[in-house]
Amino acid sequence: MSNPADAIKTMKLYSDVERVDRELRALGKTPHAPLTPEDLAAFDQLHYGGTGAVDEAIRRLGIDASTRVIDVGAGLGGPARHLASNSGCRVTAIELQRELHTSASRLTLRCGLEQRVEHLHGDFLQALLPVAGFDALVSWLTFLHIPNKALLLERCRSVLKAGGLIYIEDFFQRGPLTAPERESLERDVYCTALPTADEYRREMENAGFTDVELVDMSADWTAFVANRRRRFAADRVRFVHLHGPATFGKLDAFYQAIQALFEGGNLGGIRIMARAG
Ligand SMILES: C[S@@+](CC[C@H](N)C(=O)[O-])C[C@H]1O[C@@H](n2cnc3c(N)ncnc32)[C@H](O)[C@@H]1O
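Read on for an overview of the structure. (Residues numbered from 1 in each chain as written. Predicted model: local features only at pLDDT ≥ 70, side-chain atom pairs only at ≥ 80, totals over all residues. Heavy atoms only, no water.)

## Some points on the site of the ligand
Move 1: Leu-46, His-47, Gly-73, Glu-95 and Gln-97 are the nearest of the 22 residues found near the ligand.
Move 2: In the environment of the ligand, an oxygen atom lies 2.7 Å from a nitrogen or oxygen atom belonging to the backbone of Leu-46.
Move 3: At a separation of 2.6 Å, an oxygen atom of the ligand approaches a polar side-chain atom of His-47.
Move 4: Across the complex, the protein chains shield 98% of the 600 Å² of accessible surface that the ligand would expose by itself. (Near = heavy atom within 4 Å. Polar contact = N/O pair within 3.5 Å; in protein donor to acceptor, adjacent residues only side chain to side chain. Areas by Shrake-Rupley, 256 points an atom, 1.4 Å probe, with all protein chains shown as cover.)

Okay, structure coming up:
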């Protein structure tokens, strides 16, 4: 599987994308019924800390109705919709996987946010995007999938206006990863290369970013992923009834692998903020 849009499916979080539709039906929302971003918040935030993490980005970057934002690796579009509906900004949300992109576009339409959230399907590294077209670039848990950080950050710099801001929440190598940890990252998370915090800072500066600020999120995220797995196990009967045992098994294995990686202490979480020089 050489196509990244297929290869990434080794990460089980990305299987059975239709589970969002089943959850909505179970809540009594018929397939075309209007939705609010709040209706979706329990299912469409594929990162840690839910919409609170997105509020933090709004606050730290000073995002408002005049800000043009690009969200890299938009997933189901949860962060993009939350950004738009809570700050009034306009967001371009780019996503590699076609099913997630299609689902994200449909959910945005149902929320009536299509004037403010534009969904693009494609690889951020290759898509046709305006040079210096954005005031802010945000990204949650996507950089871990892209091994060539120099190319990725150069691309980030090029789509930002001079003085534009970047806000990333992602994985980093907190301690030397063991061979089984590397295997798990590659197999369970589709992550083949992970910088240390120092390497991230260097890569950012090499790409032309200034005022680089790094925050270690590892303690919060370790607690978050342990709690997520506990809640998932407690919800087993309802979840299996709605989505079947195979989907439960896949997600449980995924949540378990992530919890073990964070608890091992060598995988960490990092928030990176910087300014395009
Ligand atoms: C863990 S998900 C997070 C989704 C979203 N940021 C969120 O927090 O809800 C990471 C997403 O990045 C996407 N992705 C990975 N590589 C990408 C690339 N090169 N271009 C665009 N999207 C990419 C994946 O397909 C996946 O949907």
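## Some details on the side chain of Asp-170
Move 1: Note that Asp-170 resides in strand 5 (residues 160-173).
Move 2: Of the side chains with opposite charge, Lys-149 comes closest to the buried, unpaired Asp-170, at an N-O distance of 6.5 Å.
Move 3: Side-chain polar atoms of Asp-170 contact the backbone nitrogen of Leu-144, separated by 2.9 Å.
Move 4: Non-local contacts of Asp-170, meaning those with residues more than four positions away in its chain, are made with Trp-140, Leu-141, Thr-142, Phe-143, Leu-144, Tyr-200, Trp-221, Gly-268, Gly-269 and Ile-270. (Helix = DSSP H or I, 4+ residues; strand = E, 2+ residues; numbered from the N terminus. Buried < 20%, exposed > 50% of the residue type's maximum accessible area, 1.4 Å probe, protein only. Lys, Arg positive; Asp, Glu negative; His and termini not counted. Salt bridge = Lys/Arg side-chain N within 4 Å of Asp/Glu carboxyl O. Contact = heavy atoms within 4.5 Å.)

## So, helix 2 (residues 19-26)
Move 1: Residues of helix 2 that are buried: Arg-19, Val-20, Asp-21, Glu-23 and Leu-24.
Move 2: Lining the buried residues of helix 2 we find helix 3 (37-40), helix 6 (98-110), helix 11 (236-243) and helix 12 (245-264).
Move 3: Where helix 2 terminates, the next one or two residues include Gly-28, which has phi positive at roughly 90°.

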